[in-house]
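# What the coordinates show
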Amino acid sequence: MVYNGHSRRTLLGAMIGGAALTGAAGCGVFGDGDRSELTSSPKPDPLAPMMAGTLALIGVYTATIAAQPTLANRLNPLLAEHRAHVDALRAAAGGPSSGPSTGPSSVPSGTGPSVPANPTEALAAVHTAEQSARDTAVRDCLAAQPRYAALLGSIAASRACHLEVLG
Amino acid sequence: MTGLPDALTGEHAAIYGYGVLGAHLRGPALDAARQAQAAHRSRRDTLFVDLAAADEPAPEAAPAYDLPFSVTNQDTAVALATQIEERTGAVWRTTLPDVTGSQRRLALDALTDCALRAARWRRMAGKAPGTVALP
């Protein structure tokens, strides 16, 4: 039990306090999983579908922002978080060489997702893409090996938060 | 079953924290705090049932918990609410690798709800969109 040797009050106080959590808990209760496990490089890469889906979602965001500049302020912060997911997935999968080459801006114009001409419809299309990506992340998290469950859970939770922002 | 006792410990603290900060909120913020506390109670109750079913000891709540800072007004109350959701969500995230099946679903739902509430509290503090990349 993590609270062995500590009063519960002390440990819980530390949890709320946020400071010195590692010292108080002592055994990584407040860490974010066994990151050391994430450095192995399994083959085939079980994160490849999530990586591909995340890049596709980034393509929807970049195409929408390009076609509907009035949505940029709303979409750019969420886009940045999707790009952070790519970085986290790549790190979890074992380094830069394991993911498909990224480059949201490298999506060739003309082959990217089509964007509705009406801004409201364009935003709705982003919402639909985010919803689908969220559902996929939930499914992947539930089926994931332990080493990937926390990362995929965070991505699923992030996408749920995006849905609320997108309305 | 590793992980679920930690999650229960976190939910106890969250419930306590909302009890303290709610006194400094009004209107929609108070409503949000009440709903959040009810949600944490619901998760606590689910954990009690799951741990009992597995014949595992369930950590009890402490009578009181040390707070990271004084809650004296709406701003500090919202700041504490944000921190509660971040920390409780982090505990649930840590639980994810330790569980499977319906318990992983429970942990993922709890992590997601904590992330949603944290983002709402950040927006209430004026930080839009209030989301983070990896809650």
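Just so we're clear, the structure is a prediction, and the values are computed from it rather than from any experiment.

## Considerations on the overall build of chain A
Tallying secondary structure elements over chain A gives 7 helices and 0 strands in all. If you list the helices and strands of chain A from N to C, you get α-α-α-α-α-α-α. Residues counted as buried form 35% of the 167 residues belonging to chain A. Partitioning the contacts of chain A with sequence separation of at least 6, the portion at a separation of at least 24 is 66%.

## Overview of the overall build of chain B
Regarding its fold elements, chain B presents 4 helices and 0 strands. For chain B, the succession of helices and strands along the chain, N to C, is α-α-α-α. On C-alpha atoms alone, chain B measures out to a radius of gyration of 15 Å, which is about the 14 Å that the 2.2 N^0.38 rule sets for 135 residues. Projected onto its principal axes, the C-alpha positions of chain B cover 40 × 35 × 20 Å.

## A word on the UniProt feature "domain: DUF4439" (unreviewed entry) in chain B
Under the local residue numbering, the UniProt record ascribes the feature "domain: DUF4439" (unreviewed entry) to residues 5–131 of chain B. A distance of 28 Å separates the end C-alpha atoms of residues 5–131 of chain B, which is 71% helix and 0% strand.

## Some words on the environment of Pro113 of chain A
All names here are of chain A. As for its placement among the helices and strands, Pro113 is situated in the loop between helix 5 (72–93) and helix 6 (119–143). C-alpha separation for the pair Pro113 and Thr62, spaced 51 residues apart in sequence, amounts to 9.4 Å. Beyond its immediate sequence surroundings of up to four residues, Pro113 is in contact with Gly59, Val60 and Ala63.

## Points about the nonpolar core
Counting 69 residues, the largest nonpolar core has Tyr61, Leu152 and Ala156 of chain A together with Ala81 and Ala115 of chain B as the members making the most contacts within it. Of all the secondary-structure elements, those providing two or more residues to this core are helix 4 (48–67), helix 5, helix 6 and helix 7 (146–166) of chain A together with helix 1 (4–21), helix 2 (27–53), helix 3 (74–95) and helix 4 (101–124) of chain B. Ignoring any residue separated from it by four or fewer positions in sequence, one finds Tyr61 of chain A in contact with Leu75, Leu78, Leu79, His82 and Val126 of chain A.

## Details of the packing of helix 6 of chain A against helix 7 of chain A
All names here are of chain A. Direction vectors running N to C along helix 6 and helix 7 enclose 155°, while the axes themselves pass 8 Å from each other. For the element pair helix 6 / helix 7, the angle class is roughly antiparallel. Classified by chirality, the crossing of helix 7 by helix 6 is left-handed. In this structure, helix 6 contributes Leu123, Val126, His127, Glu130, Gln131, Ala133, Arg134, Ala137, Val138, Asp140 and Cys141 to the contact, and helix 7 contributes Ala149, Leu152, Gly153, Ile155, Ala156, Arg159, Ala160, His162, Leu163 and Leu166. The class makeup of the residues in the contact of helix 6 with helix 7 is 13 nonpolar, 4 polar and 4 charged.

## What to know about the confidence of the model for chain B
For chain B, the mean per-residue pLDDT works out to 97, and 99% of the residues sit at or above 70. Predicted complex, confidence summary: ipTM 0.97, pTM 0.83.

## A closer look at unusual backbone geometry
In the segment running from Ala128 of chain B into Pro129 of chain B, the intervening peptide bond is cis, with an omega of 0°. Residue placement: Pro129 of chain B occurs in the segment after helix 4.

## Thoughts on the packing of helix 5 of chain A against helix 7 of chain A
All names here are of chain A. It is at 11 Å that the axes of helix 5 and helix 7 come closest, and there the two elements cross at 170°. Judged by the inter-axis angle, helix 5 sits roughly antiparallel to helix 7. Residues Leu78, Glu81, His85, Ala88 and Ala92 of helix 5 form the contact with helix 7, whose participating residues are Tyr148, Leu151, Ile155, Ser158, His162 and Val165.

## Some remarks on helix 7 of chain A
Residue pairs three or four apart in sequence face the same way in an α-helix, which turns once every 3.6 residues. Helix length check: helix 7 of chain A, at 21 residues, gives a terminal C-alpha distance of 31 Å against a target of 30 Å (1.5 Å per residue), a fit within 8%. Among the 21 residues that make up helix 7 of chain A, 15 are buried, leaving the element largely enclosed by the rest of the structure.

## Side note on the UniProt feature "transmembrane region" (unreviewed entry) in chain A
The UniProt record annotates "transmembrane region" (unreviewed entry) at residues 50–67 of chain A. Here residues 50–67 of chain A is 100% helix and 0% strand, with 26 Å between the C-alpha atoms at its ends.

## Concerning the environment of Arg83 of chain A
Looking at the element boundaries, Arg83 of chain A is found in helix 5. By the C-beta count within 10 Å, which is 18 here, Arg83 of chain A ends up partly exposed.

Conventions used here
Residues numbered from 1 in each chain as written. Chains lettered and ligands numbered in written order. Predicted model: local features only at pLDDT ≥ 70, side-chain atom pairs only at ≥ 80, totals over all residues. Helix = DSSP H or I, 4+ residues; strand = E, 2+ residues; numbered from the N terminus. Buried ≥ 20, exposed ≤ 12 C-beta atoms within 10 Å, placed from the backbone. Contact = placed C-beta atoms within 7 Å. Rg over C-alpha atoms; globule rule 2.2 N^0.38 Å. UniProt positions renumbered as here; feature names shortened; annotations may be inferred. Core = buried A, V, L, I, M, F, W, Y, C linked by C-beta atoms within 7 Å. Axes fitted to C-alpha atoms, helices over the stretch in contact; angles between N-to-C directions. Parallel < 35°, antiparallel > 145°, perpendicular 65-115°, else oblique. Left-handed = near helix turned anticlockwise from the far one by under 90°. Nonpolar A, V, L, I, M, F, W, Y, C, P; charged D, E, K, R; others polar. pLDDT = per-residue confidence, 0-100. Expected span 1.5 Å × (residues − 1).

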